[in-house]
Amino acid sequence: MSEESFITYGGEAPIDYTNNQSLTEHVIKSFVKNGKATAIIDGISGESMSYSDILDRALTLHQYFRGKGIKRGDVIGLCCENRLEFPIVAFSTIFSGATLSTLNPRYVNREIKHVLDLTTPKIIFVTSSAIDNIKEVAKEVPSIKEIIAIGSNSSSKNARDLRTFDEILKDPKYKMNQRDYKLPSEGDLDSNDAFILMSSGTTGLPKGVVLSDRNILEALANLEETKRSMFVTPNVCSLGILPWFHSYGLVTLFCLTTKGVKIVSLPRFEEKTFLNAIQTYRVSHSFLVPPLMVFLAKNPNVKNYDLSCMKELFYGAAPLGKEIEEEVKQRIPSIRKIQQGYGMTETTLTVFGFRTGIPLLGSVGVVTAKTWCKIVNPETGEVLGPNKTGEICIKGPSIMKGYYRNPKATQETIRNGWLHTGDIGYYDETRNFYIVDRLKELIKYNSFQVAPAELEGLILTHPAVKDCAVIGIPHAEVGELPAAFVALKDNHRATGEEIAEFIADRVSNHKRLRGGVHFVQEIPKNPSGKILRRVLRDRLSRKSKL
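Figured I'd write up the structure that's included with this text. (Residues numbered from 1 in each chain as written. Predicted model: local features only at pLDDT ≥ 70, side-chain atom pairs only at ≥ 80, totals over all residues. Heavy atoms only, no water.)

1. Structural notes on the overall build of the protein chain
Then, in step 1: Tallying secondary structure elements over the protein chain gives 16 helices and 29 strands in all.
Then, in step 2: Relative to the 2.2 N^0.38 estimate, which gives 24 Å for 546 residues, the radius of gyration of the protein chain is 23 Å and therefore close to what a compact globule would have.
Then, in step 3: When the backbone C-alpha atoms are referred to their principal axes, the protein chain occupies close to 70 × 60 × 55 Å.
Then, in step 4: Residues classed as buried in the protein chain amount to 58% of the 546 residues present.
Then, in step 5: Sequence separation of at least 24 residues holds for 69% of the intrachain contacts in the protein chain that already meet a minimum separation of 6.
Then, in step 6: Distance from the positive charge centre (70 side chains) to the negative charge centre (61 side chains) of the protein chain: 2 Å. (Helix = DSSP H or I, 4+ residues; strand = E, 2+ residues; numbered from the N terminus. Rg over C-alpha atoms; globule rule 2.2 N^0.38 Å. Buried < 20%, exposed > 50% of the residue type's maximum accessible area, 1.4 Å probe, protein only. Contact = heavy atoms within 4.5 Å. Lys, Arg positive; Asp, Glu negative; His and termini not counted. Charge placed at Lys NZ, Arg CZ, Asp CG, Glu CD.)

What follows is the structure, encoded as structure tokens:
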């Protein structure tokens, strides 16, 4: 058989949102249609917004942007956990033709500086949890003309001189009638940059993934197609526990709100709050990550709550054994479907899914519409047939425009139109796909990406360290734990705790060395100097068996 016969195509699209409408038009039409129906409930305070509320407030903020001269090509920064203000800023940015760049509120100053230097936002919205760090870093970022505070910032002395989000919404001069709104006149679906989202690479700090209007519209159609039952079932309520600053959370937020699904939002995972929100608001469907699936399967406290409202769960961001799926169903018998998905920030989320029938355990499904997929030998480039493991390569309209201001990285990732995912998998005779490993060296902790090279660069700044290497240690609940192997300089001493604390002071929470610090005489490398991480994994594996 020819190599072409091994390339899988997802077929034509039963759902098409790109027909002569912009992303803004699609969103506004959806919000007008859903009107006074409840869109989002704050799972902590109980405060809610209807679709009309979101639209009115987003248009008010858009009017404010107009007064500030915000236009197509400008970037708006948003550093915020899941709360009611988040979608207002996100949709208003789209309405203004500008580009949304999100930041993790738990970033430390070094990480914030990297993102702001890269994306150069003109205005940045920031929640109280990150206001001090953002304001400090912004002094060195000349592009930022204004910082706007979200929520109660009374505890921060640095926030007292800032304009607040609530002040803007309450100011009558910014009120805009929907009839007076005019769509941005320039650009098209492919040239308009909707989002710049951070995605770690193996070479260090995160890269900015640029997603166009077309990318987002295609992703919304793919999500609807592969989660069809969710959008035709009455009284669906979804849990917004995935962080909206992350691609998984942000794209699903856009999909659920434009489809009229009620969302209960939570700013972070806390055991009792999570379970109580499901019970109180009768959450029927939810997008989760593997650690939350493990929680539902294993945590004894789950039995103390009435979760019989739950009907369907969708999870992604990392593979999960079918045993956990089965345990979740046994503990919560009302769940009739658990569906694994696969996607990346670079593919605007979903590129595999189940269109009909019951999901196949262990599989991520078939290729979505308008999308091509091939499995290639990572060393030779040969296109492989069924049941042969290789690198997953994707081509289609949901593939990112590229990495922001980084053409070299873009060319290394997208070659001849094919995005090389760095993930290893295969497909069976029925063209269902399976993910088995990662070719990339990225570590995934709690669905967050951790680049070994970034941590290695920081460890090497410790005065006692001669050389180091970082790997991920498999962990049933969180995916992987970052672990460091360290070779010390002659006549220098340092403890594992000291080095772990040294890193903890310089990185976000998910990048901490939870897998421990392991001392070695030398870091194993091949003749070209590349770290032999598999050798280090084998050492840990042998050590754990002793």
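2. Quick look at the pairing of strand E14 (residues 312-315)
Then, in step 1: Burial of the side chains of E14 extends over both faces: Glu312 and Phe314 are buried on one face and Leu313 and Tyr315 on the other.
Then, in step 2: Where strand E13 (residues 285-288) lies against E14, four bridges are found, and the strand directions are parallel. Within E14, the position partnered with phenylalanine 287 by the bridge is phenylalanine 314.
Then, in step 3: Running through helix H11 (residues 290-298), the crossover from E13 to the neighbouring parallel element E14 is right-handed.
Then, in step 4: Note that E14 and strand E15 (residues 337-340) share four bridges and pair parallel. Residue glutamate 312 lies in a different strand from E15, and its bridge partner there is lysine 337. (Pairing = 2+ DSSP bridges. Right-handed = clockwise from strand over helix to strand, strands pointing away.)

3. Regarding the nonpolar core
Proteins that are soluble and globular tend to have nonpolar side chains buried together.
Then, in step 1: Among the nonpolar cores identified, the biggest contains 127 residues, and Phe125, Phe195, Phe274, Leu296 and Phe352 are the most heavily contacted of them.
Then, in step 2: In this structure, leucine 296 is in contact with Phe274, Leu275, Leu288, Val302, Leu307, Met310, Leu313, Val328, Arg331 and Ile332, ignoring residues within four places of it in sequence. (Core = buried A, V, L, I, M, F, W, Y, C linked by side-chain atoms within 4.5 Å.)

4. Some words on the packing of aromatic side chains
Then, in step 1: All told, the structure shown has 20 aromatic pairs when counted by the stated rule.
Then, in step 2: Taking the centre distance of 5.0 Å and the plane angle of 75° together, the rings of phenylalanine 31 and phenylalanine 91 count as edge-to-face. Of this pair, phenylalanine 31 sits in helix H1 (residues 23-34) while phenylalanine 91 sits in helix H3 (residues 85-95), placing them 60 residues apart in sequence.
Then, in step 3: Classification of phenylalanine 91 by relative accessible area gives buried; the value is 0%.
Then, in step 4: Cluster of aromatic residues (ring-pair linked, three or more members): Phe31, Tyr51, Phe91, Phe195 and Phe254.
Then, in step 5: Taking NZ or CZ as reference, lysine 207 lies 4.8 Å from the ring centre of tyrosine 403, over its face.
Then, in step 6: A cation over a ring is seen here: lysine 395 above tryptophan 372, with NZ or CZ 5.7 Å from the ring centre. (Phe/Tyr/Trp six-rings, centres within 6.5 Å; stacked < 30°, edge-to-face > 60°. Lys NZ or Arg CZ within 6 Å of the ring centre and 35° of its normal.)

5. Here we look at a negative patch on the surface
Then, in step 1: A surface patch of negative charge is lined by Glu497, Glu498, Glu501 and Asp505.
Then, in step 2: Within the secondary structure layout, glutamate 497 lies in helix H15 (residues 496-504). (Patch = residues over 30% accessible without salt bridge, like charges linked within 9 Å, V, L, I, M, F, W, Y side chains within 5 Å. Areas by Shrake-Rupley, 256 points an atom, 1.4 Å probe, with all protein chains shown as cover. Salt bridge = Lys/Arg side-chain N within 4 Å of Asp/Glu carboxyl O.)

6. Concerning the environment of glutamine 339
Then, in step 1: Within the secondary structure, glutamine 339 sits in strand E15.
Then, in step 2: Linking glutamine 339 and tyrosine 315, residues 24 residues apart in sequence, is a C-alpha distance of 6.4 Å.
Then, in step 3: If we skip the residues at most four places from it in the chain, glutamine 339 touches Thr226, Lys227, Leu313, Phe314, Tyr315, Gly353, Phe354 and Pro359.
Then, in step 4: A polar contact of 3.1 Å, which involves the side chain of glutamine 339, links it to the backbone oxygen of threonine 226. (Polar contact = N/O pair within 3.5 Å; in protein donor to acceptor, adjacent residues only side chain to side chain.)

7. Some remarks on the pattern of salt bridges
Then, in step 1: In total, this model carries 27 salt bridges according to the counting rule given.
Then, in step 2: Residue arginine 282 is joined to aspartate 306 by a salt bridge in which the shortest nitrogen-to-oxygen separation is 3.6 Å. Of this pair, arginine 282 sits in the loop between helix H10 (271-281) and E13 while aspartate 306 sits in the loop between H11 and E14, and the two are 24 residues apart along the sequence.
Then, in step 3: With relative accessibility at 35%, the residue arginine 282 sits in the partly exposed group.
Then, in step 4: Take aspartate 306: its relative accessible area is 38%, and that puts it in the partly exposed class.

8. Re the sheet that holds strand E11 (residues 237-240)
Then, in step 1: Spatial strand order, E3-E2-E12-E11-E13-E14-E15: seven strands in an open sheet with mixed pairing. The open sheet is flanked by strand E3 (48-50) and E15, the only strands paired with a single partner. Each strand of the sheet is rotated relative to its neighbour by a mean of 20°, with strand direction disregarded.
Then, in step 2: Seen against the sheet, helix H2 (residues 51-67) touches strand E2 (38-42), E3 and strand E12 (262-265) and runs at an angle of roughly 85° to E3.
Then, in step 3: Along the sheet, helix H12 (residues 322-331) contacts E14 and E15; its crossing angle with E15, the most-contacted strand, is approximately 155°. (Axes fitted to C-alpha atoms, helices over the stretch in contact; angles between N-to-C directions.)

9. Comments concerning the pairing of strand E28 (residues 479-488)
Then, in step 1: For E28, the buried fraction is high: eight of the 10 residues fall into the buried class.
Then, in step 2: When strand E27 (residues 465-475) meets E28, the two strands line up antiparallel, connected through 10 bridges. For valine 465, the partnering residue across the bridge sits in E28 and is leucine 488.
Then, in step 3: The hairpin turn running from E27 into E28, its antiparallel successor, is three residues long.
Then, in step 4: Pairing analysis gives three bridges linking E28 to strand E29 (residues 517-519), with the strands arranged parallel. Bridge pairing in E29 places phenylalanine 485 opposite histidine 518.

10. A few points about the side chain of serine 52
Then, in step 1: The residue serine 52 is located in helix H2 in this model.
Then, in step 2: Residue serine 52 is classed as buried on the basis of its relative accessible area of 16%.
Then, in step 3: With residues near it in sequence (within four places) discarded, serine 52 still touches Gly35 and Lys36.

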